[in-house]
Amino acid sequence: MTSYESLRIPVRGGDLIGGMWTPENAADTPPVLAIHGITASHMSWPLVAEYLNTRLVALDLRGRGRSNTLPGPFDLRTHALDMQAALQYLGMERVLVAGHSMGAFVAVCLAERASERVVGLVLIDGGLPIEPPPGVAPEDVPALVLGPALSRLSMTFSSRAEYVEFWRSHPALGPYWNETIEKYVNYDLDGEAPLLSPSSNPDAVVENSLELDGTDGYREALAGLRLPIEFLRAPRGLADQVPPLYSDAEIARLVTEFPNISFREIDDVNHYTIVLGADGASHVASVIEEQITQEELT
């Protein structure tokens, strides 16, 4: 049995909104700080939390979910500062940090800033530099990386049922629909019917999508981390397609570039169901538990 508690964390410009999942008879081990993806929310994490034996804290990043009225800038390092402020506010001295998609990039930036607090990283289909194809103009990168996930943010919906049906037709979620996905989708809506809209601030999403190529010192920061790092790849991408977000050739190159990272693949999941599906979430949780156990033994 896992309980859920709502959280409100003061940061620059207002509050971060999120929650903490605590299992019954939780182990006295470092808790998990979980950081969601570029157009997601803290409701990406309930299934992972259910499979853990330790507390999990997750917050809506600045510009997303119920934190979407917080002002910019929205860059990765600002998100890391917000996460650092949250750890300080919650009195969490040592945490394992798990990040999904863009949240994995935030996790790396947090580990660089607060190395004394972060005992390990689990990067879930994200956090490794994503280089756009040669010749792609910067203004075209968001649409290239995110595709329909970006165009969705300019849409409006007349009802929650309409939004649910929109997602049910999504190739990466519809065939794998479950209660967690439905709650995730419903939480994402903002406003009032008949003018409901996704909660992510498009300006925040565009700003972050331009930072995923490893420039501005990010690649060097990742290579310089000296703590346990696991990278978990989904074999299918944002539209349940092959090749995935990180192709075989790209993974082969990244393994050589980042010898400080352990690489794994989670079978039969896509970029979303790696955390929103039971099989993906259970595997992610087992890797997190492994890393916590190893840290406790050292």
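Residues numbered from 1 in each chain as written. Predicted model: local features only at pLDDT ≥ 70, side-chain atom pairs only at ≥ 80, totals over all residues. Heavy atoms only, no water.

S.K.: So what's going on with the overall build of the chain? Which residues, and what values?
M.R.: Tallying secondary structure elements over the chain gives twelve helices and ten strands in all. Compactness check: the chain gives a C-alpha radius of gyration of 18 Å against a globular reference of 19 Å for 298 residues, within 12% of the reference. If you line up the chain on its principal axes, its C-alpha atoms span 55 × 45 × 40 Å. Residues counted as buried form 56% of the 298 residues belonging to the chain. Excluding contacts between residues fewer than 6 apart, the proportion of contacts in the chain whose partners are at least 24 apart in sequence is 73%. Approximately 12200 Å² of the chain is accessible, and the part contributed by carbon and sulfur atoms is 53%. Computed over 20 positive and 41 negative side-chain charges, the separation of the two mean positions in the chain equals 3 Å. (Helix = DSSP H or I, 4+ residues; strand = E, 2+ residues; numbered from the N terminus. Rg over C-alpha atoms; globule rule 2.2 N^0.38 Å. Buried < 20%, exposed > 50% of the residue type's maximum accessible area, 1.4 Å probe, protein only. Contact = heavy atoms within 4.5 Å. Areas by Shrake-Rupley, 256 points an atom, 1.4 Å probe, with all protein chains shown as cover. Lys, Arg positive; Asp, Glu negative; His and termini not counted. Charge placed at Lys NZ, Arg CZ, Asp CG, Glu CD.)

S.K.: Describe the sheet that holds strand 3 (residues 32-35), and please don't skip the residues or the numbers.
M.R.: Taken in spatial order, the eight strands make up an open sheet running 1-2-4-3-5-6-9-10, and their pairing is mixed. Edge positions in the sheet fall to strand 1 (2-11) and strand 10 (262-265), since each of these pairs with one other strand and no more. Averaged over all adjacent pairs, the angle separating strand axes in this sheet is 20 degrees, with direction ignored. Where strand 5 (residues 95-100) lies against strand 6 (residues 118-124), six bridges are found, and the strand directions are parallel. In the sheet register, Val97 faces strand 6, and the bridge partner there is Leu121. Against the sheet, helix 2 (residues 76-90) makes contact with strand 1, strand 2 (14-23), strand 3, strand 4 (56-59) and strand 5, and its axis sits at roughly 115 degrees relative to strand 1, the strand it touches most. (Pairing = 2+ DSSP bridges. Axes fitted to C-alpha atoms, helices over the stretch in contact; angles between N-to-C directions.)

S.K.: Account for the packing of helix 6 (residues 160-168) against helix 7 (residues 179-188), naming residues and giving values.
M.R.: Axis separation between helix 6 and helix 7 bottoms out at 10 Å; the angle between their running directions is 125 degrees. The pairing of helix 6 with helix 7 is recorded here as oblique in orientation. As helix 6 runs across helix 7, the sense of the crossing is right-handed. Across the interface between the two elements, Arg160, Tyr163, Val164, Trp167 and Arg168 from helix 6 touch Glu182, Val185, Asn186 and Asp188 from helix 7. (Parallel < 35°, antiparallel > 145°, perpendicular 65-115°, else oblique. Left-handed = near helix turned anticlockwise from the far one by under 90°.)

S.K.: Give a description of the pattern of salt bridges that names residues and reports values.
M.R.: Under the definition given, this model contains 18 salt bridges. Of the charged contacts, one joins Asp216 and Arg77 as a salt bridge, the two residues approaching to 3.5 Å between their closest N and O atoms. Highlighted residues: Asp216 in the loop between helix 8 (202-209) and helix 9 (218-224) and Arg77 in helix 2, separated in sequence by 139 residues. Arg233 is the salt-bridge partner of Asp248, the closest N and O atoms lying 2.8 Å from each other. (Salt bridge = Lys/Arg side-chain N within 4 Å of Asp/Glu carboxyl O.)

S.K.: I'd love a proper account of the packing of aromatic side chains, names of residues and values included.
M.R.: Counted under the stated rule, the structure contains ten aromatic pairs. Consider the rings of Phe105 and Tyr218, whose centres lie 5.2 Å apart with planes at 35 degrees: the pair is tilted. Taken together, the positions of Phe105 in helix 3 (residues 102-113) and Tyr218 in helix 9 put the pair 113 residues apart, joining distant regions of the chain. The same class applies to Phe105 and to Tyr218, which are both buried. Ring geometry for Phe166 and Trp167: centres 5.9 Å apart, planes at 85 degrees, overall edge-to-face. Assessed through its relative accessible area of 25%, Phe166 is described here as partly exposed. Three or more aromatic residues joined by ring pairs make a cluster, and in this case those are Phe157, Tyr163, Phe166, Trp167 and Tyr272. (Phe/Tyr/Trp six-rings, centres within 6.5 Å; stacked < 30°, edge-to-face > 60°.)

In short, shape yes, function no, at least from these values alone.
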